[in-house]
Amino acid sequence: MNLSLNERLEFLKHKQPPSAGADDIYRTVSFTGYRPGKLPFGDDYECEMAGKLKSALMSVFEQFFLKNYNCFLTGGAMGSDLLAADAISEMLKSYGKKASRSISFICLPCHNHIKNWSQKEKDYLERLLNNGNFAFYVSDRPYYKGCMQVRNEYMVDNSSAVVAVYDGKSGGTKNTLDYAEKMKKKIVTIDPSTALKTEFFVTNRDTSYHFNFLHDNKAEYKTAGCTN
């Protein structure tokens, strides 16, 4: 039986966020980006401009997938986070069995995260959880000042590359990219108005990796009914 969105989120309060080893981190890419207020199309996720941005995100995530990245982290916020999780799940589904060892996590910052969301965006999140995305809470308590940045730094710390919808505006996305640069991560940005991609720098390492982290967490989070 499918759980409602509220039932799923209540269940996830009792789960710990996954932790990754060095090889898992190397094969993980995280995402940061603007909320509707800084996007040229606002919260109109069905418009042509949003579709172009989603296509650009799919293309970037596909390039990581083809380079053997197999874990994808998004922040579960309104706006580009939802588009990114959608792009990842569609991209992975397009590869069928070839993507069976890949996983997409939505990293929610705090327990009452969606309290003030519109019904449209709650429905979008629920569709994502029905479409192969897993979810967990980074924090084990309700909203507190700074929890969004804690979530952002968790994602950066547990990945080797960061994709961002970013065009220079100040705020949480810039702060996350500043932290990612400090931590010497690979950074790819996409301008939300033009869907043009820019790569800043690349980290180097061999191509060996393990799947234990992915297998363990697929079993753990499937219990929440957050995948097909």
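Procedures and definitions
- Residues numbered from 1 in each chain as written.
- Predicted model: local features only at pLDDT ≥ 70, side-chain atom pairs only at ≥ 80, totals over all residues.
- Heavy atoms only, no water.
- Helix = DSSP H or I, 4+ residues; strand = E, 2+ residues; numbered from the N terminus.
- Axes fitted to C-alpha atoms, helices over the stretch in contact; angles between N-to-C directions.
- Parallel < 35°, antiparallel > 145°, perpendicular 65-115°, else oblique.
- Left-handed = near helix turned anticlockwise from the far one by under 90°.
- Contact = heavy atoms within 4.5 Å.
- Buried < 20%, exposed > 50% of the residue type's maximum accessible area, 1.4 Å probe, protein only.
- Pairing = 2+ DSSP bridges.
- Right-handed = clockwise from strand over helix to strand, strands pointing away.
- Expected span 1.5 Å × (residues − 1).
- Phe/Tyr/Trp six-rings, centres within 6.5 Å; stacked < 30°, edge-to-face > 60°.
- Polar contact = N/O pair within 3.5 Å; in protein donor to acceptor, adjacent residues only side chain to side chain.
- Salt bridge = Lys/Arg side-chain N within 4 Å of Asp/Glu carboxyl O.

*Asks:* With reference to specific residues and values, describe unusual backbone geometry.
*Replies:* Of note, the phi angle at K184 is positive, near 60 degrees, even though the residue is not glycine. For K184, the position within the fold is in the loop between α7 (172–182) and β6 (186–190).

*Asks:* If you had to explain the packing of helix α4 (residues 80–94) against helix α5 (residues 119–129) to someone new, which residues and values would you point to?
*Replies:* One way to put it is that α4 packs onto α5 with a least axis distance of 10 Å and a crossing angle of 25 degrees. Here α4 lies roughly parallel to α5, going by the angle between them. Both α4 and α5 take part in a crossing whose hand is left-handed. Side by side, α4 and α5 meet where L82, L83, A85 and D86 of the first sit next to E121, Y124, L125 and L128 of the second.

*Asks:* An account of the pairing of strand β2 (residues 71–74) is requested, with residue identities and associated values reported.
*Replies:* Because side chains alternate across β2, one face comprises the buried residues C71 and L73, and the other comprises F72 and T74, equally buried. As paired strands, strand β1 (residues 28–33) and β2 are joined by 3 bridges and run parallel to one another. Bridged to T28 within β2 is C71. Each parallel crossover has a hand, and the one from β1 via helix α3 (residues 48–66) to β2 is right-handed. Pairing between β2 and strand β3 (residues 103–108): 4 bridges, direction parallel. By the bridge assignment for β3, L73 is matched with F105. With respect to chirality, the unit in which β2 leads through α4 into the neighbouring parallel β3 is right-handed.

*Asks:* I'd like a rundown of α3, residues and numbers included.
*Replies:* The terminal C-alpha atoms of α3 lie 27 Å apart, and with 19 residues this matches the ideal 27 Å at 1.5 Å per residue to within 8%. Turning to α3, its buried residues number three or more, namely A50, L53, K54, A56, L57, V60, F61, F64 and F65. Directly beyond the C-terminal end of α3, a positive phi value near 75 degrees is found at N68.

*Asks:* Go over the packing of aromatic side chains, please, and point to the residues and values.
*Replies:* For the structure on display, the rule yields 10 aromatic pairs. Each ring, one from Y26 and one from Y69, has its centre 6.3 Å from the other, and the planes form 40 degrees; the classification is tilted. With a gap of 43 residues between them, Y26 in helix α2 (residues 22–26) and Y69 in the loop between α3 and β2 connect regions that are remote in the sequence. For the residue pair Y26 and Y69, the accessibility class agrees, reading buried in each case. Pairing F136 with Y154 gives two aromatic rings, centres 5.8 Å apart and planes at 70 degrees, and the pair type is edge-to-face. With F136 in strand β4 (residues 134–137) and Y154 in helix α6 (residues 147–157), the pair connects residues that are 18 residues apart, well separated along the chain.

*Asks:* Tell me about the pairing of strand β5 (residues 161–165), and name the residues and values.
*Replies:* Across the 5 residues that make up β5, a large majority, 5, are buried. The alternating pattern of β5 places A161, V163 and V165 and V162 and A164 on opposite faces, both of which are buried. Both β1 and β5 contribute to a ladder of 5 bridges, which runs parallel. Bridge pairing in β5 places F31 opposite V163. Here β5 runs beside β6; their pairing, made up of 5 bridges, is parallel. By the bridge assignment, V165 is partnered in β6 with I190. Handedness of the crossover joining β5 and β6 through α7: right-handed.

*Asks:* Which residues make up the side chain of N133, and what values go with them?
*Replies:* Note on placement: N133 falls in the loop between α5 and β4. Looking at N133, its side chain comes within polar contact range of the side chain of S104, at 2.6 Å. A distance of 2.9 Å separates a polar atom in the side chain of N133 from the backbone oxygen of L128.

*Asks:* Describe the pattern of salt bridges, and please don't skip the residues or the numbers.
*Replies:* The final tally for this structure, using the stated rule, is 6 salt bridges. The residue E48 makes a salt bridge to K52 at a minimum N-O spacing of 3.6 Å. Here E48 pairs with K52, and both are found in helix α3, just 4 residues apart, close to one helical turn. Here K169 makes a salt bridge to D167, at a shortest N to O gap of 2.8 Å. K169 gets classed as partly exposed once you look at its relative accessible area, which sits at 34%. Each of K54, D86 and E90 takes part in salt bridges that share partners, so that together they form one network.

Geometry only, nothing functional implied.
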